[in-house]
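An overview of the molecular structure
Okay, here's what each chain looks like letter by letter:
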Amino acid sequence: MKLPLIGTLKLRGRLTLYVTLLAVTPLLLSTLAGVTTTQQMMQAQVHEMLRIEAEGLKDLVEASLAERETSVRSWAEDTLLRESLQRDSYSLSDGVLSRLQMRYTTFTGLVLFTDDGRAVSASTPALRDSFAGQEAVVRDSAWFKAAQEGRFTSSTLAHEDPVFGMQVLHLAAPVMESRGGRRMGVLLAAYDWGQVGEVVKAALARARSRKNESFALEVRTASGTVLFDSRGKDAWNIPNAVAEQAINGPEIPDVGDGWRFVALSDPEEVYATMNQMRVGTAVAVMAVMVLAALAALLLSRGITAPITRLSQVVHRIVQEGDLTQKPDVRSDDEVGELARSFMQLVDHLRETTESLQRGTQVLTDTVAELTRAAEEEESNLTRQAAALQQTQVTAQEIKQTSEVAAERAAAVLTVATRAEELGHGSARALAESMSGFQALRDQVNEMSEQISGLNERAQRIGGITQTVKGLADRSNMLALNAAIEAVRSGEHGKGFGIVAKEIRTLANQSIQSTAQVGGLLEDITQAIIKTVELNEQGHARMEAGMDQVRTSGESIHALTEIVQDNMNAVRQISGAVSQQNAGINEIFSALTDLSSLMHDTMVGLQATQRVTQALREVAEQMQHVARSYRV
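A brief look at the structure comes next. (Residues numbered from 1 in each chain as written. Predicted model: local features only at pLDDT ≥ 70, side-chain atom pairs only at ≥ 80, totals over all residues. Heavy atoms only, no water.)

A few words now on the packing of helix α3 (residues 79–87) against helix α4 (residues 91–103). Across the interface, α3 lies against α4 with an axial gap of 8 Å and an inter-helix angle of 145 degrees. Regarding α3 and α4, the two cross each other, and that crossing is left-handed. Touching L80, L81 and S84 of α3 are L92, S93, V96 and L97, all from α4. For the contact of α3 with α4, the per-class residue count stands at 5 nonpolar, 2 polar and no charged. (Axes fitted to C-alpha atoms, helices over the stretch in contact; angles between N-to-C directions. Helix = DSSP H or I, 4+ residues; strand = E, 2+ residues; numbered from the N terminus. Left-handed = near helix turned anticlockwise from the far one by under 90°. Contact = heavy atoms within 4.5 Å. Nonpolar A, V, L, I, M, F, W, Y, C, P; charged D, E, K, R; others polar.)

The full count for this structure, using the stated rule, is 16 salt bridges. Here R68 makes a salt bridge to E67, at a shortest N to O gap of 3.4 Å. Of the charged contacts in the structure, one is a salt bridge between R231 and D229, with a shortest N-O distance of 3.1 Å. Relative accessible area serves as the criterion here: at 14%, D229 is assigned to the buried category. The network of salt bridges with shared partners includes E55, K58, D59 and E62. (Salt bridge = Lys/Arg side-chain N within 4 Å of Asp/Glu carboxyl O. Buried < 20%, exposed > 50% of the residue type's maximum accessible area, 1.4 Å probe, protein only.)

Of all hydrophobic cores here, the largest spans 51 residues; its most connected members are W193, F215 and W259. A per-element tally of this core places helix α2 (residues 11–76) first, with 11 residues. With sequence-adjacent residues up to four places away left out, W259 is seen in contact with V61, L65, S154, L157, W193, V219, R220, T221, L227, A246, I247 and N248. Within the second largest apolar cluster, 16 residues are counted, among which are V111, A122, A172 and V186. (Core = buried A, V, L, I, M, F, W, Y, C linked by side-chain atoms within 4.5 Å.)

Time to look at the sheet that holds strand β1 (residues 107–114). Pairing is antiparallel across the open sheet formed by 4 strands, whose spatial order is β2-β1-β4-β3. Each edge of the open sheet is held by one strand with a lone partner, namely β2 (119–122) and β3 (168–176). Taken over all neighbouring pairs, the strand axes of this sheet differ in orientation by 25 degrees on average, direction set aside. The pairing of β1 with β2 spans 3 bridges and is antiparallel. Its bridge partner being in β2, L112 is matched across the sheet by S121. Across the sheet, α4 touches β1, β2 and β4 (183–192), and the angle it forms with β1 is around 160 degrees. (Pairing = 2+ DSSP bridges.)

To continue, consider the layout of surface pockets. Considered as a void within the structure, the largest pocket measures approximately 580 Å³ in volume. Lining the largest pocket are 26 residues, and of these V226, F228, D229, G232 and K233 lie nearest its centre. Counting only elements with at least two residues in the lining of the largest pocket, the list comes to β5 (216–220) and β6 (226–229). Here the residues of the lining of the largest pocket are counted per class, giving 13 nonpolar, 6 polar and 7 charged. (1 Å grid on protein atoms, 1.4 Å probe; cavity = no way out; pocket = protein on both sides within 12 Å on 5 of 7 lines; lining within 4 Å. Points joined across faces, edges and corners; volume = space filled by probe spheres on them.)

With that out of the way, let us pick up helix α9 (residues 201–209). By the burial criterion, the buried members of α9 are A203, L204 and A207. Viewed along the axis of α9, the buried residues span an arc of 100 degrees, placing them on a single side of the element. A positive backbone phi angle near 65 degrees is found at K211, which sits one or two residues after α9. (Arc of directions from axis to C-beta.)

All right, on to unusual backbone geometry then. In most cases, non-glycine residues show a negative phi, while peptide bonds are predominantly trans. Positioned with a positive phi, D88 is a non-glycine residue whose angle comes to about 60 degrees. Although it is not a glycine, K211 sits at a positive phi angle of roughly 65 degrees. Using a relative accessible area of 68% as the deciding quantity, one classes K211 as exposed.

Attention now moves to the packing of aromatic side chains. Tallied over the full model, the rule gives 9 aromatic pairs. Ring geometry for F113 against F144: centres 6.4 Å apart, planes inclined by 80 degrees, an arrangement best described as edge-to-face. With a gap of 31 residues between them, F113 in strand β1 and F144 in helix α7 (residues 142–148) connect regions that are remote in the sequence. Grouping aromatic residues by their ring pairs yields a cluster made of F113, F131, W143, F144 and F164. (Phe/Tyr/Trp six-rings, centres within 6.5 Å; stacked < 30°, edge-to-face > 60°.)

Dropping the structure here:
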């Protein structure tokens, strides 16, 4: 898209404008970025400096307050002060408070009160007398109530104390009994708030050394009430002041928790250097822009003058066709190289025109020769097409024969595959039979072992039976002896004789039962022996059967290998027939492609004849164009 103003400018004007923009735009961007970055860095430095000063003031005041509070609490636990309140005698407490006053000069005064607000002892008698008759005022004061509750308060710091005549921080702590824990009074230590000014002197001196006369430090409560201002009570308000604050947190508990310590300064003073830098940078950029525009104008004039002369030569060549023109350009820069390249182009164009004139005549003669060659090629192709047609018919017959052979080879391959599958099935069935015979042999062996164990148990039972028979014989003998003794005993042994008779009867029955059991065991033993013989005969016949099965397995395995060899041979034959069929198909396809190629050649030959006619017409047009240039 062309801009309305730039589109009306010539090359010299556009070059001047573009070069100026290219030179000035990066300068403006870098200058703007540098000024912005510098401004941000300076602002960050100013805010960081103010933050550091505010944090420093906070740390100093916080540490000072914590130390003072600790001191006051330790003083309130002094034994002499407790004894003075208990005895209502305060000469010792006056001495203690006086010594503390002289040692800690930051305190304006120390006063000991009873629990009802009466001042009984102080660091100076005058200070004690100044609280005379002020019991009600003391009891109603915020610092006294806070002390009775065991805490410190700064609520009275914003106003000047009428007794001390200055702004003081009332640090009051309760005085408690050492044993009972009863509150006996309150110890007040008035901290001179003006001492904060001594604390900030170092920070103010540092600001003055930086030429920052408007630097100030403030201490404010959480609600915003000013407790301290380094500029004094009549301080002026700085509009849009640059300020940073630090808040006294609860990390170190003290009376100043929640106070805000503010460091501020006048922005016109702290940013004066930055404003001067911006003005100087703007002036420098304007000067560079003017110089860049002048340099761009001179550069564009040096570039466009040779181009203008070269454009005039090109115009004459286009309008008049005069290739004898030469541009007057003598520079060694890119424009000079362009002029020399243009002259080389004109020389090549002149040589090309001359060659074109000679080539058109040669082209005309060549077209005539091509016409004659095309006619002869057409006659030869006609004869080749007839021979190719006959060859294609013969290839079709061979293809049909090959397809029949391939179908029969596939049938043989199917039968061989079936035979191979049957061989594998027989081998698997034989293997399963061998496994079954093996399992049967294992079962027969296990049965033989069990029968042997049964025979041993029967023999053991026979031994037990003999033992029982011996016991029965002995019992019969004992019963006979008992009967003889009963007869001898006469009337007294009749009962014993009856018992002996019954024992003999039982012994005879035991002997008969033992004889029957022996007969049965003999029969069982004979049956076991017969079973063992039959088992051994069956085992022998089973071993013979297994040998026959192994022999059959070997025969079937050999037969399977023969079938496998036949199967491999059939596969090779089928593969050879398939390859032969594929080769014949490729031959037929090649003949078909050759026939198509012959047809395409005939069509191309006809197109060549048409192209030859077109070349003849082009040659005539080239002769006309070549004659239009003057060389």
